[in-house]
Amino acid sequence: MDANKICFILCVNYELYTQEAIYYINNLTIPDGFTVDILTVLEASGMAAGYNEAMAQTDAKYKVYLHQDVFIIEPDFIKHLVHLFQDPNIGMIGMVGSPKFPDHGIMWYGERIGRIYSCNIDHVIDARFDPVSDPAKPYQEVEAIDGLLIATQYDVKWREDVFKKWDFYDVSQSFEFRKKGYQLVIPKMEKPWCIHDNGMLSLTNYYNERLTFLKEYGFENTALPPGAAVNNNTR
């Protein structure tokens, strides 16, 4: 692995989003001695499969897996990541995560920490979840990270053998990293580092994938939390 290289990886299907995401990546400040790669995977069969394909194509030690509708606006994003990754125990960094992953398996119906600008059709909000509990620390450890952006310094194969579509690949990867003894962290952010233009979200396969996740990782509670609407296509 090249310890002075960072690779940004996106599974894409919409050219305008892709161009916008790459525009912001190209405007990040690159630390001295570092190089940056960008890999896009077109027409992936699923997120885990696409990420595995790209992971095999780069020798970068640091990888940032992000949605095509996530735009990184913190100029020193790379410097912040590399600084945190100086701790070899930290395997994964995200923008939003669950300090205690809920037994029902739905992250947004449980406690979350982090910060991000979230675009929802006609407005933008500063989505500030519960703050890092210890203000003196530069991060807080979590049990799972939201897949809108996942940065890693180690290669762990994404579970495309189990998660073949577009849901729960992120929580699965969080659990795979934890099984190997790595920490997952959300950095302390004075302001959001990213914009997530999430708009409308399809949950067509989400609840079936939830059951797959619960079975794969030994959760016994399959009951949905109060308020969960299986037929709702937005969140």
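Described below are features of the structure shown in this document. (Residues numbered from 1 in each chain as written. Predicted model: local features only at pLDDT ≥ 70, side-chain atom pairs only at ≥ 80, totals over all residues. Heavy atoms only, no water.)

## Regarding helix H3 (residues 77–84)
Then comes step 1: Turning to H3, its buried residues number three or more, namely Phe-77, Ile-78, Leu-81, Val-82 and Leu-84. All buried residues of H3 fall inside an arc of 165° around its axis, so they share one side. (Buried < 20%, exposed > 50% of the residue type's maximum accessible area, 1.4 Å probe, protein only. Helix = DSSP H or I, 4+ residues; strand = E, 2+ residues; numbered from the N terminus. Arc of directions from axis to C-beta.)

## A look at the sheet that holds strand E5 (residues 90–94)
Then comes step 1: Here we have 7 strands laid out as an open sheet, ordered E2-E1-E3-E11-E5-E12-E9, and mixed in their pairing. Each of the sheet's edge strands pairs with one partner strand only, and the pair in question is strand E2 (35–42) and strand E9 (139–142). With strand direction ignored, the average angle separating the axes of adjacent strands in the sheet is 25°.
Then comes step 2: Bridge count for E9 against strand E12 (residues 183–187) is 4 bridges, and the pairing is antiparallel. Bridge pairing in E12 links Glu-141 to Val-185.
Then comes step 3: Each of strand E1 (2–12), E2, strand E3 (60–66), E5, E9, strand E11 (149–152) and E12 is contacted by H3, which is oriented at about 120° to E1, the strand it contacts most. (Pairing = 2+ DSSP bridges. Axes fitted to C-alpha atoms, helices over the stretch in contact; angles between N-to-C directions. Contact = heavy atoms within 4.5 Å.)

## Examining the packing of aromatic side chains
Then comes step 1: Considering all chains together, one arrives at 29 aromatic pairs under this definition.
Then comes step 2: Note on Phe-101 and Phe-213: the rings are 5.7 Å apart at their centroids and 70° apart in plane angle, and the pair reads as edge-to-face. Separated by 112 residues along the polypeptide, Phe-101 in the loop between strand E6 (96–98) and strand E7 (113–119) and Phe-213 in helix H5 (residues 206–216) bring together distant segments of the chain.
Then comes step 3: Accessibility expressed as a relative area gives 0% for Phe-213, which makes it buried. (Phe/Tyr/Trp six-rings, centres within 6.5 Å; stacked < 30°, edge-to-face > 60°.)

## Points about the side chain of Asn-52
Then comes step 1: Position of Asn-52 relative to the elements: it lies in helix H2 (residues 47–55).
Then comes step 2: On the basis of relative accessibility, which here comes to 7%, the residue Asn-52 falls in the buried class.
Then comes step 3: Here the side chain of Asn-52 touches Trp-158 through a polar contact of 2.8 Å, landing on its backbone oxygen.
Then comes step 4: Once you skip the residues sitting within four places of it in the chain, Asn-52 turns out to touch Lys-157, Trp-158 and Glu-160. (Polar contact = N/O pair within 3.5 Å; in protein donor to acceptor, adjacent residues only side chain to side chain.)

## Section: the environment of Lys-79
Then comes step 1: Mapped onto the elements, Lys-79 comes out in helix H3.
Then comes step 2: A relative accessible area of 45% places Lys-79 in the partly exposed class.
Then comes step 3: The spatial distance from the C-alpha of Lys-79 to the C-alpha of Asp-32 is 9.8 Å, given a sequence separation of 47 residues.

## Observations concerning helix H4 (residues 169–179)
Then comes step 1: The buried fraction of H4 is high, at 9 of 11 residues.
Then comes step 2: Listed in full, the buried residues belonging to H4 are Tyr-169, Asp-170, Val-171, Ser-172, Gln-173, Ser-174, Phe-175, Glu-176 and Phe-177.
Then comes step 3: Buried-residue contacts for H4 involve H2, E5, strand E10 (144–145), E11, E12 and H5.
Then comes step 4: Of the residues trailing H4, Gly-181 is marked for its positive phi of about 90°.

## Section: the pattern of salt bridges
Then comes step 1: Counted according to the given criterion, the structure contains 8 salt bridges.
Then comes step 2: Note that Asp-59 and Lys-5 form a salt bridge whose closest N and O atoms lie 2.8 Å from each other. Of this pair, Asp-59 sits in the loop between H2 and E3 while Lys-5 is found in strand E1, placing the two residues 54 residues apart along the sequence.
Then comes step 3: The partly exposed category is assigned to Asp-59, whose relative accessible area is 38%.
Then comes step 4: Measuring nitrogen to oxygen at the nearest pair gives 3.1 Å for the salt bridge that ties Glu-216 to Arg-159. With Glu-216 in helix H5 and Arg-159 in the loop between E11 and H4, this pair connects stretches of sequence that are 57 residues apart.
Then comes step 5: Exposure remark for Arg-159: the relative accessible area of 17% places this residue in the buried category.
Then comes step 6: Through salt bridges with shared partners, a single network forms among Arg-159, Asp-161, Glu-176, Lys-179 and Glu-216. (Salt bridge = Lys/Arg side-chain N within 4 Å of Asp/Glu carboxyl O.)

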